[in-house]
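Commentary on secondary and tertiary structure
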Amino acid sequence: MRYMNSGILDRELKKGSAELLILSLVEDQPRHGYDLSKLIEARSNGVLKFRVASLYPLLYRLEQRGWIVGRWIEKAGQRRRRYYRLTPAGAGVLAAQRDTWRAFAEAINRIAGVDHA
Amino acid sequence: MPEWPRRISEEMRQHLDDEYDALRADGLAHDEAMRRLAGDVDELASMRSHPVDAMTTDVRYALRMLRKNPGFTAIVMVTLALGIGATAAIFTLVDAVMLRPYPYPDMDRIVMVAETTRMGQMISVAWANFQDWREQNRVFEHLGIYRGTVLNLTGGEQPERLIASLVSSDVFKAMGLQARLGRAFTADEDRPGAPRVAVVSERFWRSHLGGEASAVGRTIVLDDEPHTVVGVMPAEMRFPSRTTDVWLPVGLFVPTFPAERGAHPGLFGVGKLKPGISVTRASADMDAIARRLEQQYPISNTDHTVALQPYYEQIVQNIRPALLALSGAVAFVLLIGCANLANLMLARAETRQRELAIREALGASRRRIAQQMLTESVLMALCGGTLGALLAWWGVKAFVATRPTTVPRIDQVAVDLRVLTFALVVSVLVGIAFGLAPALRAASVDLLTSLKDAARGTAGAGRRTRSALVIAEVALALVLLVGAGLTIRSFTSLTAIDLGFDPSHVVTMRVSLPNARYPQLARWSAFHRELLRRSAAIPAIEAVGLNSSTPLEGGGCPS
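Counting of residues starts from 1 at the beginning of each chain's written sequence and follows it residue by residue. Written order determines the labels here, with chains lettered from A and ligands numbered from 1. Side-chain atom pairs in this predicted model are given and counted only at pLDDT of 80 or more, local residue features only at pLDDT of at least 70, and totals for whole chains, interfaces and linings cover all residues.

Further remarks concern the overall build of chain B. Scanning chain B for helices and strands turns up 17 helices and 11 strands. Counting other C-beta atoms within 10 Å of its own, a residue is labelled buried from 20 upward, exposed at 12 or fewer, and partly exposed in the gap between, with every C-beta atom placed from the backbone. Buried residues in chain B amount to 31% of all 559 residues. C-beta atoms are first placed from the backbone for all residues, and any pair lying within 7 Å is then listed as a contact. A fraction of 79% describes how many contacts in chain B between residues 6 or more apart in sequence connect residues 24 or more apart. For helices the rule is a DSSP run of H or I covering at least 4 residues; for strands it is a run of E covering at least 2, with both sets numbered from the N terminus onward.

So this is what it looks like as structure tokens:
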């Protein structure tokens with residue numbers, strides 16, 4: 001068996017976690033797409049970064065599933081932006097994804113001893 | 001149409017504007033900010049679905065991919081340039097020699113006619129036999145006869161040796177070309193004792209007669225006899241040879257031919273078949289005549305018949321095997337190149353599978369992804385093809401410069417629009433050929449398996465395709481190698497033949513004396529003795545000799 005190289009692992013982790021990240025960030029307050037991408041980049045110290053071409057289709061898909069809902073808001077002196085907020089259904093998914101992710105991370109920790117390394 | 005594409009594109013535009021503003025706020029110049037955004041912009045543009053836009057975007061995206069992998073791009077370009085270049089170069093030859101139409105109307109009806117023994121040995125035509133053939137045949141529209149010779153042109157500053165052809169007036173009719181100026185000779189001029197006339201080539205007309213219309217009617221002195229120029233043949237007239245300077249009526253020379261039927265004075269026939277008459281049917285007709293002559297003249301004609309060969313066949317018969325072999329070889333080289341590139345592309349497609357899976361997840365259709373992969377490979381093929389055309393141009397030029405004498409129409413061998421079109425078509429086909437496997441795989445890839453494969457390593461189907469390609473490549477290369485090896489062996493054994501003499505520092509020259517001035521053997525011999533004596537006196541000459549033909553030349557036929 002060949003091992004996944006770290007680049008692939010990296011990408012897959014990011015992909016798997018993308019939904020979780022977005023749902024988490026709109027949990028407390030509505031945010032627009034640019035705000036989301038900057039927050040993800042800043043809070044991950046640049047480790048996680050979304051391309052424009054992947055972020056907005058993802059937001060669209062989440063909205064289609066009914067996990068988030070978007071609304072155009074126009075502020076004085078600014079162009080209109082679409083703000084997304086979490087729906088009750090999304091909140092349920094977020095809780096479930098957090099549990100899954102936590103369980104997964106703990107399992108990895110127990111085996112790989114990442115915390116004690 | 002759902003609302004989302006417009007909505008998403010507005011959000012994305014907004015995002016790019018925000019990013020641009022942020023970059024400018026960080027102190028970046030406009031150009032630099034745009035450069036940083038270029039990747040996103042291209043990626044977004046490629047998601048649009050308008051076909052023309054999509055094509056432009058694909059090309060731009062493909063160019064970016066090529067620039068990003070210079071090593072890969074270089075390997076692909078060199079492989080393609082060699083494969084397409086070699087193919088285009090050989091096509092140039094095949095096109096000039098075999099495919100391009102010859103200038104003679106109804107070329108497929110022009111046949112060469114020779115006398116042959118029933119054992120198949122070809123001999124030249126006896127004058128008396130030709131007369132009977134011409135009278136008795138029912139298959140030829142025109143049947144003519146010709147013989148090559150050399151003549152001395154005098155009257156200028158110094159005598160000059162001309163390549164001449166003695167032809168019957170039917171030869172021009174059989175070849176079907178009109179004189180460029182004046183006319184060909186008539187049947188009346190083509191008989192013993194007729195006033196001496198000549199038809200000259202366009203080349204001779206330009207070099208010796210000033211290329212003027214008044215050249216018709218002028219007199220030139222050939223072998224001490226004045227001849228009136230009655231016509232100028234166009235440059236397309238290359239019969240019997242492209243070097244022919246002047247055509248004279250063969251009828252004038254009939255008295256010099258041996259009278260007996262058994263003598264074969266170097267004449268050969270050329271005819272144009274009547275419409276609808278096949279070569280087989282004509283051969284049968286001529287054979288019937290030959291059998292009648294056999295009964296009439298058993299001493300001279302026993303076991304003699306007539307051999308017909310289409311003129312086109314005669315031109316290409318010697319070069320065709322070589323051209324076919326070369327075409328096969330370059331086709332193999334191109335195929336190996338394609339297999340190699342398909343392999344490289346597949347390997348690369350595997351490393352790009354995640355990229356493709358993500359694109360698909362974002363809404364790009366599989367067809368769209370396949371189209372983009374094909375655009376990439378066709379673009380590479382076109383770039384490689386351009387390099388290849390340059391290589392072909394250079395190679396063909398170098399080849400023509402060696403002045404190979406065995407290639408018909410060598411002066412017309414050049415990379416032209418036809419060859420470039422051919423190279424273009426080959427490039428596109430090659431691009432599709434080596435891009436198809438990766439594109440098909442890209443079209444059939446699905447996100448889930450792609451992710452699983454990422455964990456497992458290489459995909460099974462991909463590995464099988466690539467193994468098959470490698471096997472095909474090795475097989476083709478082996479055939480090519482064996483062919484090349486055999487050719488080299490033939491060549492080395494040919495060059496290893498001991499000539500029995502040392503050809504270095506040896507030069508030859510040809511001399512022909514006009515019969516009118518040297519009718520007796522004694523005068524003729526005296527001339528040659530004097531030639532030898534004076535040549536031997538030249539300090540730079542070590543030894544000098546005379547012969548009717550040069551070693552290895554065979555025969556004694558002037559050429």
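Along the chain, pLDDT gives the predictor's confidence residue by residue, from 0 to 100. Taken residue by residue, chain A gives an average pLDDT of 81. The fraction at 70 or more is 83%. Predicted confidence is poor over residues 1-5 of chain A, with pLDDT under 50, and the contacts of this stretch with residues over four places away or in other chains come to four contacts.

Residues and elements named next belong to chain B. Core analysis: the biggest nonpolar cluster contains 59 residues, and Tyr 146, Met 175, Ala 198, Val 199, Val 200 and Val 246 have the highest contact counts within it. Of all the elements, strand S3 (residues 140-154) adds the most residues to this core, at six residues. Here a nonpolar core is just a set of buried residues of the types Ala, Val, Leu, Ile, Met, Phe, Trp, Tyr and Cys, joined wherever their C-beta atoms sit within 7 Å. Core analysis: the next-biggest nonpolar cluster, separate from the first, contains 47 residues, Ala 89, Val 378, Met 380 and Val 396 among them.

Attention now goes to the pairing of strand S7 (residues 219-222) of chain B. Residues and elements named next belong to chain B. Only one face of S7 is covered, namely the face carrying Ile 220 and Leu 222; the face carrying Thr 219 and Val 221 is uncovered. Judged from the two bridges that link them, S3 and S7 form a sheet pairing that is antiparallel. Across the sheet, Thr 154 pairs through a bridge with Val 221, a residue of S7. Between any two strands, pairing holds if DSSP finds at least two bridges. Looking at chain direction, S7 and strand S8 (residues 225-233) are connected through four bridges and run antiparallel. Each bridged residue has a counterpart across the sheet, and for Thr 219 the counterpart in S8 is Thr 228. Here S7 hands over to S8 after two residues, with Asp 223 in that stretch at a positive phi of 50°.

In this section: the packing of helix H4 (residues 70-99) of chain B against helix H11 (residues 320-351) of chain B. Residue and element names in this part refer to chain B. Axis definition: a line fitted to C-alpha atoms, limited for helices to the stretch in contact. Angles are taken between N-to-C directions and run from 0 to 180 degrees. Look at H4 against H11: their axes get within 9 Å of each other, and the N-to-C directions meet at 160°. One way to sum up the angle between H4 and H11 is to call them roughly antiparallel. Regarding H4 and H11, the two cross each other, and that crossing is left-handed. Grouping the constituent residues of the contact of H4 with H11 by class yields 17 nonpolar, six polar and one charged. Angle categories: roughly parallel below 35 degrees, roughly antiparallel above 145, roughly perpendicular from 65 to 115, and oblique for all the rest. A clockwise turn of the near helix away from the far one marks a right-handed crossing, whereas an anticlockwise turn of less than a right angle marks a left-handed crossing. In the scheme used here, Gly and all other residues not listed as nonpolar or charged are polar, with Ala, Val, Leu, Ile, Met, Phe, Trp, Tyr, Cys and Pro taken as nonpolar and Asp, Glu, Lys and Arg as charged.

Attention shifts here to unusual backbone geometry. Across the junction of B:Phe239 and B:Pro240, the peptide omega takes the value 0°, indicating a cis bond. A positive phi angle, near 55°, is found at A:Asn45, a position not held by glycine. Within the element layout of this structure, A:Asn45 appears in the loop between helix H2 (33-43) and helix H3 (52-64). The exposure class assigned to A:Asn45 is exposed, which follows from the 7 C-beta atoms found within 10 Å.

When pLDDT is averaged across chain B, the result is 82; 90% of the residues are at 70 or more. Predicted confidence is poor over residues 555-559 of chain B, with pLDDT under 50, and the contacts of this stretch with residues over four places away or in other chains come to nine contacts.

Another point: the sheet that holds strand S3 (residues 81-86) of chain A. Within a sheet, each strand pairs with its neighbour through backbone hydrogen bonds, oriented either parallel or antiparallel. Residues and elements named next belong to chain A. Overall, antiparallel pairing links the three strands, which are arranged S1-S3-S2 in an open sheet. In the strand order of this sheet, the two ends are held by strand S1 (31-32) and strand S2 (68-73), each with one partner. Pairing of S1 with S3 involves two bridges; the strand directions are antiparallel. Each bridged residue has a counterpart across the sheet, and for Arg 31 the counterpart in S3 is Tyr 84.

Moving on to the environment of B:Val97. All names here are of chain B. Residue placement: Val 97 occurs in helix H4. Spatially, the C-alpha atom of Val 97 lies 5.9 Å from that of Pro 408, the residues being 311 residues apart in sequence. When residues no more than four places from it in sequence are discounted, the contact partners of Val 97 are Val 316, Ile 319, Leu 323, Val 407, Pro 408 and Arg 409.

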